[in-house]
Amino acid sequence: MKTALQKLGYKIITDHTYLASAAYCVRGAVYVKASSHTVCGLDNGADYKKTLEKAGITAKCSGTSYKKRWKKQVLRHLEKMKVCLA
């Protein structure tokens, strides 16, 4: 499944740091455990921005609506890039 997702343009992250803790979970990301199961992230963890950076996804926002604007931008980018964490 990982190879098929990669061919579709998904970003693949295999670094154990980003897979061992829910703190790095990214809402909407696909998590694949080979020959076992596949799940989708339902919410962002406390360190989700670090995972996005690892995938090469950055967003720049400022002002009081930073969090809302960041989330919208990240979600749009995830839809385009089809992030996959395996």
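These figures come from a predicted structure and were not determined experimentally.

## Focus on the overall build of the protein
- Scanning the protein from N- to C-terminus turns up three helices and four strands.
- Taken from the N to the C terminus, the helices and strands of the protein come in the order α-β-β-β-α-α-β.
- For the protein, with 86 residues in total, the buried portion stands at 31%.
- When contacts within the protein are restricted to residue pairs at least 6 apart in sequence, those whose partners lie at least 24 apart make up 51%.

## So, the packing of aromatic side chains
- Tallying each qualifying case throughout the model produces one aromatic pair.
- Their ring planes at 75 degrees and their centres at 5.2 Å tell us that Tyr18 and Tyr24 sit as a pair that is edge-to-face.

## Here's the deal with the side chain of Thr51
- Examined against the element boundaries, Thr51 turns out to sit in helix H2 (residues 48-54).
- At a separation of 2.7 Å, a polar atom in the side chain of Thr51 contacts the main-chain carbonyl oxygen of Tyr24.

## What about unusual backbone geometry?
- One non-glycine residue, Ser35, adopts positive backbone phi at about 55 degrees.
- Turning to its location among the elements, Ser35 is positioned in the loop between strand E2 (30-33) and strand E3 (37-40).
- Under the relative-accessibility criterion, Ser35 is labelled exposed at 86%.

## Details of the nonpolar core
- By size, the foremost hydrophobic cluster in this structure holds 13 residues, and its most contacted members are Val26, Tyr31, Leu52, Ile57 and Leu78.
- Contributions of two or more residues to this core are made by H2 and helix H3 (66-81).

## Remarks on the pattern of salt bridges
- Considering all chains together, one arrives at two salt bridges under this definition.
- Asp15 is the salt-bridge partner of Lys54, the closest N and O atoms lying 3.8 Å from each other. Separated by 39 residues along the polypeptide, Lys54 in helix H2 and Asp15 in the loop between strand E1 (12-13) and E2 bring together distant segments of the chain.
- Its salt-bridge partner being Lys50, residue Asp47 comes within 4.0 Å of it at the nearest N-O pair.
- We classify Asp47 as partly exposed; its relative accessible area is 24%.

## Here we look at the pairing of E3
- One ladder, built from four bridges, connects E2 with E3; its direction is antiparallel. Residue pairing in the sheet places Val32 in a bridge with Thr38 of E3.
- Here E2 hands over to E3 after three residues, with Ser35 in that stretch at a positive phi of 55 degrees.

Rules and cut-offs
Residues numbered from 1 in each chain as written. Predicted model: local features only at pLDDT ≥ 70, side-chain atom pairs only at ≥ 80, totals over all residues. Heavy atoms only, no water. Helix = DSSP H or I, 4+ residues; strand = E, 2+ residues; numbered from the N terminus. Buried < 20%, exposed > 50% of the residue type's maximum accessible area, 1.4 Å probe, protein only. Contact = heavy atoms within 4.5 Å. Phe/Tyr/Trp six-rings, centres within 6.5 Å; stacked < 30°, edge-to-face > 60°. Polar contact = N/O pair within 3.5 Å; in protein donor to acceptor, adjacent residues only side chain to side chain. Core = buried A, V, L, I, M, F, W, Y, C linked by side-chain atoms within 4.5 Å. Salt bridge = Lys/Arg side-chain N within 4 Å of Asp/Glu carboxyl O. Pairing = 2+ DSSP bridges.

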